[in-house]
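Coordinate inspection notes
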Amino acid sequence: MTIVLRQATLGDLGMICRLRVQRTAWLTARGSDQWTVAGRGLPIEIFARAVGRSLDAGETWIAEIAGEPAGTITVNDRADSGLWSRWELDDAVIVHFMIVDLRFSGQHVGHHMLAHAGTLARQRQREWVRLDAWTANTGLHDYYRSEGFRLARIAGPPAQGPSRALFERRADSWDRALPVPVLAVGRPDHSVILGPPRPNN
């Protein structure tokens, strides 16, 4: 099984919103308020606008298995106010909206998407991959720890949102011998292997 990453387009917005609705229902059934309005998550309309802006900026990626969308991740250099300091943002890429389609649970889709974030960080000469996780979702915290992230801290005031558990992993800690296949832009029938920049020696 090969997991391939491609850059998302505006045509993927509906699918991404469906993944978020699917995962929210799954979380709710397990007692989590993550992404629910009651838990102070973004209403789906506001989520769609935020993702739309990221699509316009070329910041969102789709993981595919055998041509089927299996997950999505957004990677940029921004975060909600009060989470990370300016110097932490300047030295990192920030992961947002990572969602795996339930049909592909257990197939390491999230692992590959996070590894791709690490590749993007190295290409941009950033030392860290950072993200905020839903504060009360300790199962999610355990997942990020299993993926090699460490809890930096729980953000305090002035951060007021429900997603204040701050995790980070060094960008050079992913196995560079296993780059993630990425579809070449403008060539949907071909893929290229985007690995880290080669050392100058």
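Bear in mind the structure is a predicted one, so any value in this text is a computation, not a measurement.

The rules we used
Residues numbered from 1 in each chain as written. Predicted model: local features only at pLDDT ≥ 70, side-chain atom pairs only at ≥ 80, totals over all residues. Heavy atoms only, no water. pLDDT = per-residue confidence, 0-100. Contact = heavy atoms within 4.5 Å. Phe/Tyr/Trp six-rings, centres within 6.5 Å; stacked < 30°, edge-to-face > 60°. Helix = DSSP H or I, 4+ residues; strand = E, 2+ residues; numbered from the N terminus. Buried < 20%, exposed > 50% of the residue type's maximum accessible area, 1.4 Å probe, protein only. Lys NZ or Arg CZ within 6 Å of the ring centre and 35° of its normal. Expected span 1.5 Å × (residues − 1). Salt bridge = Lys/Arg side-chain N within 4 Å of Asp/Glu carboxyl O.

Points about the confidence of the model for the chain
- With 90% of its residues at a pLDDT of at least 70, the chain reaches an overall mean of 90.
- Counting interchain partners and residues more than four positions distant, the pLDDT-below-50 stretch residues 186-201 has 26 contacts.

Some remarks on the packing of aromatic side chains
- On inspection of all chains with the given rule, the structure shows 5 aromatic pairs.
- Residues F47 and F97 carry aromatic rings whose centres are separated by 5.0 Å and whose planes lie at 75° to one another, so their mutual orientation is edge-to-face. Here F97 lies in strand 4 (residues 92-100) and F47 lies in helix 2 (residues 44-56), a separation of 50 residues in the sequence.
- Take F47: its relative accessible area is 2%, and that puts it in the buried class.
- Taking relative accessible area as the criterion, F97 reaches 23% and is therefore assigned partly exposed.
- An aromatic cluster of at least three residues, connected via ring pairs, comprises Y143, Y144, F149, F167 and W174.
- Between the NZ or CZ atom of R20 and the centre of the ring of F47, over which it lies, the distance is 4.8 Å.

Some points on unusual backbone geometry
- Put simply, P157 and P158 share a cis peptide bond, and its omega is 15°.
- In this fold, P158 is placed in the loop between strand 6 (150-154) and strand 7 (165-170).
- One non-glycine residue, A66, adopts positive backbone phi at about 55°.
- Its location among the elements puts A66 in the loop between strand 2 (60-65) and strand 3 (68-76).

Brief notes about helix 4 (residues 109-123)
- The end-to-end C-alpha separation of helix 4 is 21 Å, in line with the 21 Å expected for 15 residues at 1.5 Å each.
- A large share of helix 4 lies buried, amounting to 12 of its 15 residues.
- Taken residue by residue, helix 4 has V109, G110, M113, L114, A115, H116, A117, G118, T119, L120, A121 and R122 as its buried positions.

As for the pattern of salt bridges
- With the rule as written, the count across this model stands at 13 salt bridges.
- With a closest N to O distance of 2.6 Å, R6 and E64 form a salt bridge. One end of the pair, R6, is in strand 1 (residues 3-7); the other, E64, is in strand 2, and 58 residues separate them in sequence. There is no split in this pair, since R6 and E64 are both buried.

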